[in-house]
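So the chains spell out like this:
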Amino acid sequence: MKRVFLFVVTNLAIVLVLSIAVRLLGLDRTLGESGIDYKSLLVLAAIMGMGGSLISLAISKWTAKRMVGAHVIENPSTPTERWLMDTVARQAQVAGIGMPEVAVYDAPEVNAFATGARRDSALVAVSTGLLNAMDRDEAEAVLAHEVSHVANGDMVTLALIQGVVNTFVIFFSRVIGHTVDRAIFRSERGNGPGYFIVTIVAQLVLGLLASIIVMWFSRQREFRADAGSARLAGRHKMIAALKRLQLQHGATTLPERMAAFGISGPLALGLKRLFMTHPPLEERIAALQAASD
């Protein structure tokens, strides 16, 4: 669950900072007195949008570690730590990826996540709550789910999708800012303060709406990672893990900014479903059961 939302939040923050820096440094000259230079604006938006996404991807592992206070296991000191290392190593070998860093973070919720910019240099982390609530078979399935995310290259694909989304958000927010500044604030030479304010607001609003695309992608990838877990650990183990999550669901949850990076996400109704990072657990269970028929 943590994997996506933290990335999106970090990405939005970086893009916002880049936008402000570009404005303050006077580099945003694609909207001038003569009107909009759409080609130059699109190039600027692409550089900023993809740049923000790639920076977010590059620091995703560092950010995640510090966000949850994850302790990376270097020399296993307990049987549980040894089991975690051995299980992830075996799954990584079967999945054809490099050995990820394995970490444990202290939290009561039943959760785990994987992140990282490269398939051969990722991070797989589990909560102490998961280790306490699940048996070894269920925990193995969750680890396989996270290893599958790494093997599928979900973070890289997410970065590319987010970069494209960023590009259009930046492009249209500046067009809106320019139009409002000229039509309402009556700026005639260059861009006035109204342009800067409206652009930032439009960028935040459009960024939120555009996250619907990213969240849809996240939900589809969960089904694929579940299928990957079924191959690595066994379908019955993954179904058992999801059923265990159903029993635990709602008892404790991650902070909202971390919500899309773990094994399951919060439930939502109505329009809120568009912003769900994960499909409902019952749908994931049904998909696995249907695949075994």
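Keep in mind the model is a prediction, meaning the values are calculated, not measured.

Analysis parameters
- Residues numbered from 1 in each chain as written.
- Predicted model: local features only at pLDDT ≥ 70, side-chain atom pairs only at ≥ 80, totals over all residues.
- Heavy atoms only, no water.
- Helix = DSSP H or I, 4+ residues; strand = E, 2+ residues; numbered from the N terminus.
- Buried < 20%, exposed > 50% of the residue type's maximum accessible area, 1.4 Å probe, protein only.
- Contact = heavy atoms within 4.5 Å.
- Areas by Shrake-Rupley, 256 points an atom, 1.4 Å probe, with all protein chains shown as cover.
- Patch = residues over 30% accessible without salt bridge, like charges linked within 9 Å, V, L, I, M, F, W, Y side chains within 5 Å.
- Salt bridge = Lys/Arg side-chain N within 4 Å of Asp/Glu carboxyl O.
- Core = buried A, V, L, I, M, F, W, Y, C linked by side-chain atoms within 4.5 Å.
- Phe/Tyr/Trp six-rings, centres within 6.5 Å; stacked < 30°, edge-to-face > 60°.
- Pairing = 2+ DSSP bridges.
- Polar contact = N/O pair within 3.5 Å; in protein donor to acceptor, adjacent residues only side chain to side chain.
- Axes fitted to C-alpha atoms, helices over the stretch in contact; angles between N-to-C directions.
- Parallel < 35°, antiparallel > 145°, perpendicular 65-115°, else oblique.
- Left-handed = near helix turned anticlockwise from the far one by under 90°.
- Nonpolar A, V, L, I, M, F, W, Y, C, P; charged D, E, K, R; others polar.
- Expected span 1.5 Å × (residues − 1).

Caption draft 1: Structural detail: the overall build of the protein. A count of helices and strands for the protein gives 10 helices and six strands. Counting over 293 residues, the protein shows a buried share of 53%. Taking as baseline every contact in the protein between residues at least 6 positions apart, the subset at least 24 positions apart corresponds to 73%. In the form shown here, the protein has an accessible surface area of approximately 13,500 Å², with 62% of it arising from carbon and sulfur atoms.

Caption draft 2: Layout of the environment of Gly194. Residue placement: Gly194 occurs in helix H8 (residues 193-233). For the pair formed by Gly194 and His178, sequence separation is 16 residues and the distance between their alpha carbons is 8.5 Å. Once residues within four sequence positions are removed from consideration, Gly194 is found in contact with Asp181 and Phe185.

Caption draft 3: Highlighting a nonpolar patch on the surface. Nonpolar side chains collect at one region of the surface, where Ile197, Val201, Val205, Leu208, Leu209, Leu271, Leu274 and Phe275 lie side by side and expose about 750 Å² of accessible area between them. Summarising the element assignment, Leu209 is placed in helix H8. The exposure class of Leu209 is partly exposed, given its relative accessible area of 47%.

Caption draft 4: Representation of the pattern of salt bridges. Per the stated rule, a full pass over the model turns up 10 salt bridges. Close ionic contact of Lys65 with Glu101 constitutes a salt bridge, the shortest N to O distance being 3.1 Å. Taken together, the positions of Lys65 in helix H3 (residues 60-68) and Glu101 in strand S4 (residues 101-105) put the pair 36 residues apart, joining distant regions of the chain. A salt bridge links Asp226 to Arg284; the nearest nitrogen and oxygen atoms lie 2.8 Å apart. One end of the pair, Asp226, is in helix H8; the other, Arg284, is in helix H10 (residues 281-292), and 58 residues separate them in sequence. Taken together, the shared-partner salt bridges in this structure form one network comprising Arg90, Asp137, Glu140 and Lys237.

Caption draft 5: Quick peek at the nonpolar core. Ranked by internal contacts, the top residues of the largest apolar core, which has 35 residues, are Leu84, Leu130, Met134, Leu143 and Leu242. Elements represented by at least two residues in this core include exactly helix H4 (79-95), S4, strand S5 (112-118), strand S6 (121-127), helix H6 (136-151), H8, helix H9 (235-248) and H10. Counting residues per element, this core draws most heavily on H6, which supplies eight residues. If we skip the residues at most four places from it in the chain, Leu84 touches Ile73, Val102, Val104, Val126, Leu131 and Leu143.

Caption draft 6: Broad picture of the packing of aromatic side chains. Applying the stated rule across the entire model yields four aromatic pairs. Aromatic pair Tyr105 and Phe113: ring centres 5.7 Å apart, planes at 45 degrees, arrangement tilted. Side by side, Tyr105 and Phe113 carry an identical accessibility label, which is buried. Seen in terms of ring centroids, Phe168 and Phe172 are 6.3 Å apart; in terms of plane orientation they differ by 20 degrees. Their pairing is stacked. Of the two residues, Phe168 and Phe172 both sit in helix H7 (residues 154-183), four residues apart, roughly one turn of that helix.

Caption draft 7: Molecular detail of the sheet that holds strand S3 (residues 71-72). With mixed pairing, the four strands of this open sheet are ordered in space as S3-S4-S6-S5. Bordering the open sheet on either side are S3 and S5, each of which pairs with just one other strand. As paired elements, S3 and S4 share two bridges and run antiparallel to each other. Residue His71 lies in a different strand from S4, and its bridge partner there is Val104.

Caption draft 8: Focus on the side chain of Thr277. Here Thr277 shows up in the loop between H9 and H10. Residue Thr277 is classed as buried on the basis of its relative accessible area, which comes to 5%. Engagement of the side chain of Thr277 in a polar contact is seen with the side chain of His278, the distance being 2.8 Å.

Caption draft 9: Layout of the packing of H7 against H8. The geometry of H7 relative to H8 is characterised by a closest axis approach of 7 Å and an angle of 150 degrees between their N-to-C directions. If you check the angle between H7 and H8, you find them roughly antiparallel. For the crossing formed where H7 meets H8, the hand is right-handed. When grouped by side-chain class, the residues that make up the contact of H7 with H8 number 16 nonpolar, nine polar and four charged.

Caption draft 10: Examining helix H2 (residues 38-58) more closely. Its 21 residues place the ends of H2 30 Å apart at the C-alpha level, agreeing with the 30 Å of an ideal helix rising 1.5 Å per residue. Those residues of H2 lying buried are Leu41, Leu44, Ala45, Met48, Gly49, Gly52, Ser53, Ser56 and Leu57.

Caption draft 11: Fine view of the side chain of Ser173. Within the element layout of this structure, Ser173 appears in helix H7. Filtering out sequence-adjacent residues up to four positions away, Ser173 remains in contact with Thr199, Ala202, Gln203 and Leu206.

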